[in-house]
Amino acid sequence: RRCSPATGDCGPPPAMTHSRPSSEELSSSFPVGSRVTFTCAEGARRIPGLPDTMECLPGDLWSRLPDPCGRSCAAPTRLRFAALSKEDERRNFFPIGTNVSYVCRPGYENTSESSPSSTCLENLAWSEAAELCRSEYLCSAPCPKKAALAAPNPHPKM
């Protein structure tokens, strides 16, 4: 038995929410073996690790492809008093609801039990991170040294 070349046609690829076929692939005819690469629609970002190409398979079916793009916040806000945790620093896709945590920078100490954090909101902006890191060089109460200098001398010299 000899294999004959497939002659089917898949038609246009299925629509996706956050991705569009690349502009050079705006044909309506896709023979078996055709591949279509998707790019992100405006306002969407590429999801790391997902494929972005689908293929017309025998039987006139497109291969399954999860939407390679989605809505994501931009990189998290940089803070003067804290840096992104090592884990969150490595990420580059932040869907709505993603929470990132920060670690106090050198010279700052954490003033609470929890770490500063921020969440990617519905409007694709980051929530404000609480300022839970205080500079070790600033006194919130009067500084002890200054207080001692300002105290009246209990034994004045005569």
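Conventions adopted
Residues numbered from 1 in each chain as written. Predicted model: local features only at pLDDT ≥ 70, side-chain atom pairs only at ≥ 80, totals over all residues. Heavy atoms only, no water. pLDDT = per-residue confidence, 0-100. Contact = heavy atoms within 4.5 Å. Pairing = 2+ DSSP bridges. Helix = DSSP H or I, 4+ residues; strand = E, 2+ residues; numbered from the N terminus. Axes fitted to C-alpha atoms, helices over the stretch in contact; angles between N-to-C directions. Phe/Tyr/Trp six-rings, centres within 6.5 Å; stacked < 30°, edge-to-face > 60°. Buried < 20%, exposed > 50% of the residue type's maximum accessible area, 1.4 Å probe, protein only. Disulfide = S-S within 2.5 Å.

An unreviewed UniProt entry annotates the chain as DAF factor of Edolisoma coerulescens.

Side note on the confidence of the model for the chain
Per-chain confidence: the chain averages 85 in pLDDT, with 80% of residues scoring 70 or above. Contacts from residues 1-6, a stretch scored under 50 in pLDDT, to residues over four places away or in other chains number one contact. Contacts of residues 143-153 to residues separated by more than four positions or lying in other chains number zero contacts, the stretch itself having pLDDT below 50.

Regarding the pairing of strand β2 (residues 35-40)
In the sheet, strand β1 (residues 19-21) pairs with β2 via three bridges, with the strands oriented antiparallel. Following the sheet pairing, Arg20 is matched in β2 by Thr39.

What to know about the sheet that holds strand β10 (residues 117-119)
Across the sheet, three strands lie side by side as β7-β8-β10; this open sheet has antiparallel pairing. Lying at the two open borders of the sheet, with one neighbouring strand each, are β7 (82-84) and β10. Each adjacent strand pair in this sheet contributes to an overall mean axis angle of 30 degrees, direction not counted. Across three bridges, the pairing between β7 and strand β8 (residues 99-104) is antiparallel. When the bridges of β8 are listed, Leu84 appears paired with Tyr102.

Some words on the packing of aromatic side chains
For any pair of aromatic rings, geometry is given as the distance between the ring centres together with the angle between the planes. As enumerated under the stated definition, the model contains two aromatic pairs in all. Ring centres 5.3 Å apart and planes at 65 degrees place the aromatic pair Phe30 and Trp62 in the edge-to-face group. With Phe30 in the loop between β1 and β2 and Trp62 in strand β5 (residues 61-62), the pair connects residues that are 32 residues apart, well separated along the chain. For the pair Phe30 and Trp62, a shared accessibility class is recorded, and that class is buried. Ring geometry for Phe94 versus Trp126: centroids 5.4 Å apart, planes at 75 degrees, classification edge-to-face. Pair noted here: Phe94 is in the loop between α1 (86-89) and β8 and Trp126 is in the loop between β10 and β11 (133-135), with a separation of 32 residues, a long-range link. This pair shows no difference in class: Phe94 is buried, exactly as Trp126 is.

Let's talk about the state of the cysteines
Counting across every chain of the model gives four disulfides. Between the sulfur atoms of Cys10 and its disulfide partner Cys56 the distance amounts to 2.0 Å. Every disulfide takes its handedness from the sign of the S-S torsion; for Cys10 and Cys56 that torsion is 90 degrees, giving right-handed. In this pair, Cys10 is assigned in the segment before β1 and Cys56 in strand β4 (residues 53-57), connecting sequence segments 46 residues apart. The exposure classification of Cys10 matches that of Cys56, with both residues buried. The disulfide partner of Cys73 is Cys120, and the gap between their sulfur atoms is 2.2 Å. In this structure, the disulfide formed by Cys73 and Cys120 twists by about 90 degrees around the S-S bond and is classed as right-handed. With a gap of 47 residues between them, Cys73 in the loop between β6 (69-70) and β7 and Cys120 in the loop between β10 and β11 connect regions that are remote in the sequence. Given the relative accessible area of 2%, Cys120 is considered buried.

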